[in-house]
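# Reading the structure
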Amino acid sequence: MKRKSSDTRDEETKISHLLFNKSKNFVEKLNTYSKDELIPTDLKPAWIDADDANFQANIIPNVNSKALYTEKLKQKYETLLGTPTWAKLNKITEKDDEQDEILRTVGHLHEKKPERLPKDFIEIKKLPLINESTKNEGSIINCVEFHPKISAALVAGNSGSLSLFSIGGEVNTKIHSFHLHNWKISAAQFTPDGSEALIASKNSHSYCVYNLVKAEPKLIQLPRVVKKPVIFQISPDGKYIVTSDGFEEVFLICSASKELLTSLKHNSNIVSVTFSNDCGQLYCCNFEGQITVWDLLMYKALKKFYDHGCVSASCLTVSPCGKLLATGSGEGIVNIYETENLTKSEPVPYKVISNLTTKITSLRFNNTTEILAVSSSFYPNAAKLVHIPSYHVFSNFPSQSVNLNQISSISFSANSGYMALGNNKGCAYLYRLKYYKNY
């Protein structure tokens, strides 16, 4: 047997480092992540008093070492009075570091961020594809989801393959991927704590729970009454899973015990569901455009009304702030309601968006409810970004020089710094929204 050459060993080392070290770093971040605290490693005094070097006292007897004397004195003070709030230095945010760097730079002024997102023009930059290194998730990318805490995203499509990427902007490195045999992945969503992702397929009676820390997928059977998960969604608080086979019933499942809690019956086929921001209510829309608001505490219908002017309904979503309900129709119309006005007998939309002419297949608010992304998978480049609260459509997106083909999914990152689009050519596009400074 021939011994491997040094070039081969070097290549194996590089591949091993790329595959395993990235995953290790990701898991470490996932376990130790803290959104607002960064522990500093080299703390220094805020000031130094020159007289301290000449100060002598015999407050603590039998202590001759200067360093030990200082430490004992500090301990004695903290025992008697405690540590003052101003002296607690264990909270240093990324923003503070950024400002300190600016203050240390002479001759440059920090550009002040506008108080509101400008309504006419959005500063947006197209970055390399998220799945540039794989492109095996399928011809149709049904799911592009950002991790809620760490700069990572999953991409999945109709091939049954799911890939997890580290989002770096110019370079998006694959962390892990796996394949589900005979699956066409139609839904994927992270749990609120980011430890797991739930994946579903319209042609399978089970759903997959992917543990990100262990990098292990596990299949779980749906309740027997659910034929197939045509609709599959997790509540914002992670307590519920709602699913439907597209007929007259919506099934509510406890995400912890995996048990069926109840079934909510409607008059006709369900096309879309969405939770309220506090997860106390569930909005269900049938094909005829009738919207039912369910109380999830009593499992009781609170309100039923028809989407204004709708002939055939397609989707709906509630804003993260809970104040807006957006509905999409087969005619390309988007109605936006104020949720506080839904108690009226016949609610009227606060605003109507009619910039698209084909069936609305995706509606997504960003986390600050300043942008509503609208798209249709039935026509090339059929996507718009709507400014809220002016409801102006940004004129510079999508760019006329870029062909995005037919867009199948839209997603925003946790702090709206990134936006992702999946299409029918196996591409997961990545955009940087410059108004938002963080991931």
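Labelled according to an unreviewed UniProt entry, the protein appears under the name U3 small nucleolar RNA-associated protein 18 homolog, originating from Arctia plantaginis. You can read under Subcellular location (unreviewed entry) in the UniProt record for the protein the words "Nucleus, Nucleolus". UniProt, in the comment section headed Sequence similarities (unreviewed entry), describes the protein in these words: "Belongs to the WD repeat UTP18 family."

### So, the sheet that holds strand β8 (residues 206–211)
One open sheet holds the four strands; their spatial order is β6-β7-β8-β9, and the pairing between them is antiparallel. Unpaired on one side and paired on the other, β6 (185–190) and β9 (216–221) mark the two borders of the sheet. This sheet shows a mean twist of 25° between the axes of neighbouring strands, independent of strand direction. With five bridges joining them, β6 and strand β7 (residues 196–201) adopt antiparallel strand pairing. Bridging across to β7, Gln-189 finds its partner in Leu-198.

### Some points on the pairing of strand β27 (residues 428–433)
Counting buried residues in β27 gives six out of six residues, a clear majority hidden from the surface. Neither face of β27 is open: one carries Ala-428, Leu-430 and Arg-432, the other Tyr-429, Tyr-431 and Leu-433, and all of them are buried. Bridging between strand β26 (residues 418–423) and β27 involves five bridges; their strand directions are antiparallel. In the sheet register, Tyr-418 faces β27, and the bridge partner there is Arg-432. Linkage of β26 to β27, two consecutive antiparallel strands, is achieved through a turn of four residues, within which Gly-426 is found at a positive phi near 75°.

Analysis parameters
- Residues numbered from 1 in each chain as written.
- Predicted model: local features only at pLDDT ≥ 70, side-chain atom pairs only at ≥ 80, totals over all residues.
- Heavy atoms only, no water.
- UniProt positions renumbered as here; feature names shortened; annotations may be inferred.
- Pairing = 2+ DSSP bridges.
- Helix = DSSP H or I, 4+ residues; strand = E, 2+ residues; numbered from the N terminus.
- Axes fitted to C-alpha atoms, helices over the stretch in contact; angles between N-to-C directions.
- Buried < 20%, exposed > 50% of the residue type's maximum accessible area, 1.4 Å probe, protein only.

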